[in-house]
Amino acid sequence: MTVDSSQRTLISPWALRKRRGKLAYWLVFALVITLFTVAFVVPLLWMVLGAMKTAPELARTPPTLLPETFGAGAYVEAWNFMDLAKYFKNTVIIAAGAWLIQLAVQLPAAYALSKLRPVLGKWILALMLATLMLPASALLVPTYLAITEVPVFEVNLVNSPAAIWLPAAANAFNIYLLKRFFDQIPTDLLDAARIDGAGSVTTMVRIVLPLSRPIIAVVSIFSIVAAWKDFIWPLLVLQNPEVQTLSVALQRFEPDTPINLMLAGLVIASVPMVVAFLIFQRQILAGLTAGSLKG
């Protein structure tokens, strides 16, 4: 009996027909689901429920599973105590600006590498991807020196949103994702547009980008999430408390804030990204597989 390689699994179809094979399959499936739930969901639940507890209740040994009283009082108190509205606004500005600048830089770059085929384009892409092999910490010092005295313009961008926006635009991973998707767009469509008199920019805007909505959605979500949760780089370049993001502000408040309020602040900072993922999870999965090749 031959088995289609595209349907090959850890347990063969022949074994699944047996009672013992089905039992083994469902046991493994239940075990994997349970482990993933414990690893990813339990910490979130502990953080959400922990914010509802008082500081003495959190310090109990052994810890209590559920809070003695349920309520959103700690969240309201944390919002007012740490003035999170201001840092929320700062974070939204940083994330939105990083998203727009990344799309403005990465879409043309990926389009040029994929469809315009510039001289030494393969070497340029290889050098971009080589930066992914470097640890992020190795790039902190040279990037910081460039931000404190921007080449040619000789301006200092410390305490400015541009200090985060500009380095975020140089994201080799996003450019590679976009290029791989653009590679799958038939060249015949672009040739037909050129015959009709469309230039490279018009072709990109009117043909390539409308066809690339799934991958653009994925890159957009990656860009926003990365800017929202980033900590080390904003800590270095946003030294003025008035312009700091949520992640940096929460770290600054940590020594003088009760632990239950700190947990409430962490929950508030996490909610937008969790909600965004739940809303756009289909687009994320569709975009990641849209440019794949069928074998």
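Presented here is an overview of the structure given in this document. (Residues numbered from 1 in each chain as written. Predicted model: local features only at pLDDT ≥ 70, side-chain atom pairs only at ≥ 80, totals over all residues. Heavy atoms only, no water.)

## Description of the nonpolar core
It is characteristic of soluble globular proteins that their nonpolar side chains tend to be buried jointly.
And then number 1: With 27 residues, the main nonpolar core has Met82 and Leu246 as its most contacted residues.
And then number 2: Counting only elements with at least two residues in this core, the list comes to helix H4 (73-81), helix H5 (84-116), helix H12 (213-229), helix H14 (246-253) and helix H15 (259-290).
And then number 3: Counting residues per element, this core draws most heavily on H15, at 8 residues.
And then number 4: Residues contacting Met82, with those up to four places away along its chain left out, are Tyr87, Leu250, Phe253, Thr257, Leu261, Met262 and Gly265.
And then number 5: In terms of nonpolar packing, the next biggest core, distinct from the first, is built from 20 residues, Leu107, Leu178, Met204 and Ile215 among them. (Core = buried A, V, L, I, M, F, W, Y, C linked by side-chain atoms within 4.5 Å. Buried < 20%, exposed > 50% of the residue type's maximum accessible area, 1.4 Å probe, protein only. Helix = DSSP H or I, 4+ residues; strand = E, 2+ residues; numbered from the N terminus. Contact = heavy atoms within 4.5 Å.)

## With respect to unusual backbone geometry
And then number 1: Cis geometry is adopted by the peptide bond preceding Pro62, which originates at Thr61 and carries an omega value of -5°.
And then number 2: Assignment of secondary structure puts Pro62 in the loop between helix H3 (55-58) and H4.
And then number 3: Positive phi, normally seen in glycine, also occurs at Asp83, with a value near 50°.
And then number 4: Positive phi, normally seen in glycine, also occurs at Asn159, with a value near 70°.
And then number 5: Assignment of secondary structure puts Asn159 in the loop between helix H7 (140-148) and helix H8 (162-169).
And then number 6: Taking relative accessible area as the criterion, Asn159 reaches 30% and is therefore assigned partly exposed.

## Observations concerning the environment of Lys53
And then number 1: Its location among the elements puts Lys53 in the loop between helix H2 (19-50) and H3.
And then number 2: Setting aside residues no more than four positions away along its own chain, Lys53 makes contact with Leu58, Thr64, Leu65, Leu66, Pro67 and Asn260.
And then number 3: Of note is the side chain of Lys53, whose polar atom sits 2.4 Å from the backbone oxygen of Thr64. (Polar contact = N/O pair within 3.5 Å; in protein donor to acceptor, adjacent residues only side chain to side chain.)

## Things to note about the environment of Met52
And then number 1: Its place among the elements puts Met52 in the loop between H2 and H3.
And then number 2: Classification of Met52 by relative accessible area gives partly exposed; the value is 23%.
And then number 3: Remark: the alpha-carbon pair of Met52 and Leu66, spanning 14 residues in sequence, is separated by 8.9 Å.
And then number 4: Non-local contacts of Met52, meaning those with residues more than four positions away in its chain, are made with Pro67, Thr69, Phe70, Gly71 and Tyr75.

## Details of the packing of helix H11 (residues 200-211) against H12
And then number 1: At their nearest, the axes of H11 and H12 sit 5 Å apart, and the two run at 75° to each other. With respect to each other, H11 and H12 are oriented roughly perpendicular. Contacts between H11 and H12 involve Leu209, Pro210 and Leu211 from the former and Arg213, Pro214 and Ile216 from the latter.
And then number 2: Per-class residue counts for the contact of H11 with H12 are 5 nonpolar, no polar and 1 charged. (Axes fitted to C-alpha atoms, helices over the stretch in contact; angles between N-to-C directions. Parallel < 35°, antiparallel > 145°, perpendicular 65-115°, else oblique. Nonpolar A, V, L, I, M, F, W, Y, C, P; charged D, E, K, R; others polar.)

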